[in-house]
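Each chain, letter by letter, is given below.
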Amino acid sequence: MRPEGRIFDVHPLVARADTPVEITVTPLFDHVAVTDGVEYEVTYYPTEEFSLQSGWPEANKPAVVRDGRSLRFRQYLEGEQEHVFLLEAVQGDQRRRLGEFRVYSVGPDLAGRFPYKGDLHMHSSRSDGREAPAYVAASCRSIGLDFMALTDHRQYEPSLEAIAAFDGVRCDLRMYPGEEVHPPGNPVHMVNFGGRRSVNALFADEEAYRAEVAALEERLRQAQPPGMAQPPGRDQSSGEQALPPGVDPYQYASTVWTLAKIREFGGLGIFCHPYWFTGHRYAPAGALTSHIFATQPYDAYELIGGYHLHEIDSNTLQVARYHEERARGRSVPIVGVSDAHGCERGELFGWYYTIVFSGRLEFDDLTTSIRKLWSVAVEALPGQIARAYGPFRLVKYALFLMREVFPAHDELCVEEGRLMRLHAGGDPDAAARLEALGGRTDALYAKLFQI
Ligand SMILES: [Zn+2]
Ligand SMILES: [Zn+2]
């Protein structure tokens, strides 16, 4: 967090573009206090555009009004961009810089959307992770996430266990069901995020599963080669295109079937870590990965996946692939996930996450927003400045949010996460204390976002 964020109360930090906004700055400590006999001056710098109504340089010093301990000034915020306000105290010919404040203005389609942070792929001790489901959920809040799902290998129950651990307790973290789906004989990993039922459970009746996939495979075999007219009723999203050479028909059909089931159960079907290097090669095979990108049977692509430091090449490849697919004209919904196998291992957990720009922090809004390309994937490796990946305008906005807004949000989450952990560990007083803390992050956003 920049020190201004702790020393001053400033709001709003995000406002609608192409409107005048009144910004209030209140120093919280006496080393920057607003006092008599001092003039306060604000210099305004739009970081990108100043061609239209804001003008330059005439309008670069908005009038500052003193109101008790606070200073207020109005500025027309042109376009979607970051704005810098430099606040100085002027006394005679002495000038003292008090702080530099940043405000962001968003276009009409982004106004009304709030940034929610989530992790959509992680494991607990019920599969090969380290801690109990409730512990993982609590830890997610303590690192500032707004939503999460446990997605244990082949198991849906642990995600329900995490939710049940906080039954009747006020938690501002949204916890959703989930599982990592591993169809028999198919190397493609998929996440069922939020589905109402388990897809893994369907593999218990392997004969029925195999019969359905075989029927789909047969339809694929009869499909026309790409480029020729498809029979009516067959479109790209059903995946029914003739298979290019090198694509294993069963593996592809199984992938299409699984993602369709996830969707049928109301979940978001995530195509996971296509450049995972395992067994001396990438899994799945390149031809299959390419065909999945070409036909897009998934709802979201794991753009940033849970790779250890020695595996970072895989994320670089996933990002490069994303840009390549977009250059081909494809729309690619994206998520970033930690795929953490432990919150206390000092790796993966918290390194990668998704920011969804959504009207509300509710499952339908979040997943619809992801499908409609309102998300970015974040890589926040320890000791490094966080990087966001996705559509340019959202990345630009995310950089501002990560620097100016999330630190205050995340600070509030620390105590909530701690209390969630205490509650899950049996502390009888934690639930009441969580109740008292409820709604703080919502209230913060209501104050900071004038959208
Ligand atoms: Zn996996
Ligand atoms: Zn996983």
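What you see is a predicted model; the values in this text were computed from it and never measured.

J.: Looking at this model, I keep getting lost on the overall build of the protein chain. Mind explaining?
T.: Looking only at helices and strands, one finds 11 helices and 22 strands in the protein chain. For 451 residues, the compact-globule estimate of 2.2 N^0.38 gives 22 Å, and the C-alpha radius of gyration of the protein chain, at 25 Å, lies within 12% of that figure. Across its three principal axes, the protein chain shows a C-alpha extent of roughly 85 × 60 × 40 Å. Looking at the 451 residues of the protein chain, the share that counts as buried comes to 43%. Long-range pairs, those at least 24 residues apart, make up 68% of the contacts in the protein chain with a sequence separation of at least 6.

J.: Can you help me understand the sheet that holds strand S9 (residues 114-119) in this one?
T.: Strands belonging to one sheet form pairs held by backbone hydrogen bonds; the direction of such a pair is parallel or antiparallel. Strand order in the open sheet made by the six strands is S11-S10-S9-S19-S20-S21, with mixed pairing throughout. Every interior strand has two partners, whereas the edge strands, strand S11 (174-176) and strand S21 (387-389), have only one. Each neighbouring strand pair of the sheet contributes to a mean axis angle of 30 degrees, computed without reference to strand direction. Bridging between S9 and strand S10 (residues 147-149) involves two bridges; their strand directions are parallel. In the sheet register, Gly118 faces S10, and the bridge partner there is Phe147.

J.: Is there a simple way to think about the pairing of strand S8 (residues 94-106) in this case?
T.: For a regular strand, side-chain orientation follows a simple rule: the groups alternate between the two sheet faces. Inspection of the sheet shows strand S2 (residues 14-16) paired to S8 by three bridges, in the parallel sense. Looking across to S8, one finds that Val14 is bridged to Tyr104. Here strand S7 (residues 81-91) hands over to S8 after two residues, with Gly92 in that stretch at a positive phi of 60 degrees.

J.: Looking at this model, I keep getting lost on helix H3 (residues 157-164). Mind explaining?
T.: Side chains that are three or four residues apart share a direction in an α-helix, a result of its 3.6 residues per turn. Within H3, the full set of buried residues consists of Pro158, Ser159 and Ala162. Projected down its long axis, H3 carries its buried residues within an arc of 105 degrees, all on one side. Looking at the buried positions of H3, the neighbouring elements they touch are helix H2 (133-142), S10, S11 and strand S12 (178-181).

J.: Can you walk me through the packing of H2 against helix H9 (residues 392-424) in this structure?
T.: A pair of packed helices is captured by two measures, namely the crossing angle of their axes and the spacing between those axes. Taken N-terminus to C-terminus, the directions of H2 and H9 make an angle of 165 degrees; their axes are 6 Å apart at the nearest point. Judged by the inter-axis angle, H2 sits roughly antiparallel to H9. Crossing handedness for the pair H2 and H9: left-handed. Contact residues: H2 offers Ala134, Tyr135, Ala137, Ala138, Ser139, Arg141 and Ser142, while H9 offers Cys413, Val414, Glu416, Gly417, Arg418, Met420, Arg421 and Ala424. Looking at the contact of H2 with H9 residue by residue, the classes come out as eight nonpolar, three polar and four charged.

J.: What exactly am I supposed to notice about the sheet that holds strand S22 (residues 449-450) here?
T.: Ordered by their spatial adjacency, five strands build an open sheet running S4-S7-S8-S2-S22, and the pairing between neighbours is mixed. In this open sheet, the two edge strands, each paired with only one partner strand, are strand S4 (39-46) and S22.

J.: Could you clarify how one ought to interpret the domain arrangement of the protein chain in this entry?
T.: Partitioning the protein chain into domains gives domain 1 (4-106) and domain 2 (114-436). Of note, the centres of domain 1 and domain 2, computed from C-alpha atoms alone, are 40 Å apart. Between domain 1 and domain 2, the contact holds seven residues from the first and seven residues from the second. Among the elements that take part in the side of domain 1 that touches domain 2, S8 stands out by supplying three residues, more than any other. Its residues assigned to classes, the side of domain 1 that touches domain 2 shows three nonpolar, one polar and three charged.

The rules behind each value
Residues numbered from 1 in each chain as written. Chains lettered and ligands numbered in written order. Predicted model: local features only at pLDDT ≥ 70, side-chain atom pairs only at ≥ 80, totals over all residues. Helix = DSSP H or I, 4+ residues; strand = E, 2+ residues; numbered from the N terminus. Rg over C-alpha atoms; globule rule 2.2 N^0.38 Å. Buried ≥ 20, exposed ≤ 12 C-beta atoms within 10 Å, placed from the backbone. Contact = placed C-beta atoms within 7 Å. Pairing = 2+ DSSP bridges. Axes fitted to C-alpha atoms, helices over the stretch in contact; angles between N-to-C directions. Arc of directions from axis to C-beta. Parallel < 35°, antiparallel > 145°, perpendicular 65-115°, else oblique. Left-handed = near helix turned anticlockwise from the far one by under 90°. Nonpolar A, V, L, I, M, F, W, Y, C, P; charged D, E, K, R; others polar. Domains from an automatic or database assignment.

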